[in-house]
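# Descriptive structure summary
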Amino acid sequence: MKDKKGFTVLELMVVGAFAALLLVIFFIQKANVEAMDRDDERKTAINAMYYALEEYYYPKYGYYPAEIDEEILPVIDPELFTDPLGANLGIEGSSYSYEVANCNSENHCREYTLRATLEKEDTYIKKGKK
């Protein structure tokens, strides 16, 4: 009887298939984790805008602005107005939106809603308190 050294083709194919399956699972999970990280970035940005409006803007002016950007809310990092995919607040395709209500002729508003469209969860919403 001869001693055979090495692996059979079938053994190599089984190991290769198993390795490919592990790679597929890895990349699927990696994509999920990255999407959840982008969702967390969106929530952080919406919270920063919300607290800037509630703690800085409204106490100072007594109303909410008709639109927001880095000039109107200089107390937050300007990069927070750009969503994780690169679209700015107010631009079509952005996952962020700022909607106002009960505005007078001078664009002084009494209500607003901040929204972030998330990838792995329902839309994240913050509304003005006043």
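Structural notes, computed from the coordinates. (Residues numbered from 1 in each chain as written. Predicted model: local features only at pLDDT ≥ 70, side-chain atom pairs only at ≥ 80, totals over all residues. Heavy atoms only, no water.)

## Observations regarding the overall build of the protein
The condition is simple: The helix and strand labels rest on DSSP assignments: H or I over at least four residues marks a helix, E over at least two residues marks a strand, and numbering proceeds from the N terminus. Our radius of gyration looks at C-alpha atoms and nothing else; its globule reference is 2.2 Å times the residue count to the power 0.38. A simple rule labels every residue: compare its accessible area, found with a 1.4 Å probe on the protein chains alone, to the largest value its type can have, and call it buried under 20%, exposed over 50%, or partly exposed in between. Contact definition: two residues touch when any of their heavy atoms are within 4.5 Å. For every accessible area listed, the method is Shrake-Rupley and the probe measures 1.4 Å; residues are considered covered only by the protein chains on display. Positive charges come from Lys and Arg, negative ones from Asp and Glu, while His and the chain ends are left out of the count. Every charge is mapped to an atom, namely NZ of Lys, CZ of Arg, CG of Asp or CD of Glu.
On a plain count of helices and strands, the protein comes out with one helix and four strands. In terms of overall dimensions, the protein is more spread out than a globule: its C-alpha atoms have a radius of gyration of 25 Å, far above the 14 Å expected for 130 residues. Over its C-alpha atoms, taken along the principal directions, the protein stretches across nearly 95 × 25 × 25 Å. By residue count, 26% of the 130 residues in the protein fall in the buried class. Residue pairs in contact within the protein that sit at least 24 positions apart in sequence constitute 49% of those at least 6 positions apart. On the protein, roughly 9100 Å² of surface is accessible, and the fraction owed to carbon and sulfur atoms is 56%. With 15 positive and 23 negative side-chain charges, the protein shows a spacing of 9 Å between the two charge centroids.

## So, the state of the cysteines
Selection rule: In what follows, a disulfide is any cysteine sulfur pair within 2.5 Å.
Following the criterion strictly, the structure yields one disulfide and no others. In this model, Cys103 is linked to Cys109 through a disulfide, with the two sulfur atoms separated by 2.0 Å. Around the S-S axis, the bridge from Cys103 to Cys109 shows a dihedral of about 100° and counts as right-handed. Residue Cys103 is classed as partly exposed on the basis of its relative accessible area of 34%.

## Points about the side chain of Ser94
Test applied: The term polar contact refers here to a pair of N or O atoms within 3.5 Å; inside protein, the definition further demands a hydrogen-donor-capable atom paired with an acceptor-capable atom, and it admits residues adjacent in sequence only when both atoms are side-chain atoms.
Position of Ser94 relative to the elements: it lies in the loop between strand S1 (64-65) and strand S2 (96-103). At 3.3 Å, the side chain of Ser94 forms a polar contact with the backbone oxygen of Asn88. In this structure, Ser94 is in contact with Asp83, Ala87, Asn88 and Leu89, ignoring residues within four places of it in sequence.

## Details of the nonpolar core
The condition is simple: In this description, a nonpolar core means a group of buried Ala, Val, Leu, Ile, Met, Phe, Trp, Tyr and Cys residues linked to one another through side-chain atoms lying within 4.5 Å.
Formed by 22 residues in total, the largest nonpolar core has its most connected members in Met49, Leu53, Ile68, Leu73, Tyr98 and Leu114. Listing elements by their share of this core, those giving two or more residues are helix H1 (9-61), S2 and strand S3 (108-116). Ranked by the residues each element gives to this core, the list is headed by H1, at eight residues.

## Observations regarding the packing of aromatic side chains
Operational definition: Any pair of Phe, Tyr and Trp rings, taking the six-membered ring for Trp, is counted once the centres come within 6.5 Å. Such a pair is stacked with planes under 30 degrees apart, edge-to-face with planes over 60 apart, and tilted for the rest.
Enumeration according to the criterion identifies eight aromatic pairs in this entry. Ring geometry for Tyr50 versus Tyr51: centroids 5.0 Å apart, planes at 80°, classification edge-to-face. Ring geometry for Tyr58 and Tyr64: centres 4.8 Å apart, planes at 35°, overall tilted. Taken together, the ring pairs in this structure connect Tyr58, Tyr64, Tyr98 and Tyr112 into an aromatic cluster.

## What about the pattern of salt bridges?
Once their charged atoms are close, side chains differing in charge can pair, the charge on each being opposite to the other. Here is the rule we go by: The salt bridge definition used is simple: a Lys or Arg side-chain nitrogen within 4 Å of an Asp or Glu carboxyl oxygen.
For the structure shown, the criterion picks out six salt bridges. In this structure, Glu34 engages Lys30 in a salt bridge whose closest nitrogen and oxygen atoms are separated by 3.0 Å. One end of the pair is Glu34 and the other is Lys30, both in helix H1 and four residues apart, which spans about a single turn. Judged by its relative accessible area of 34%, Glu34 falls in the partly exposed class. A salt bridge links Asp39 to Arg42; the shortest N-O distance between them is 3.2 Å.

## Section: unusual backbone geometry
Here the phi dihedral of Asn102 falls at roughly 55°; this positive angle occurs in a residue that is not glycine. Residue placement: Asn102 occurs in strand S2.

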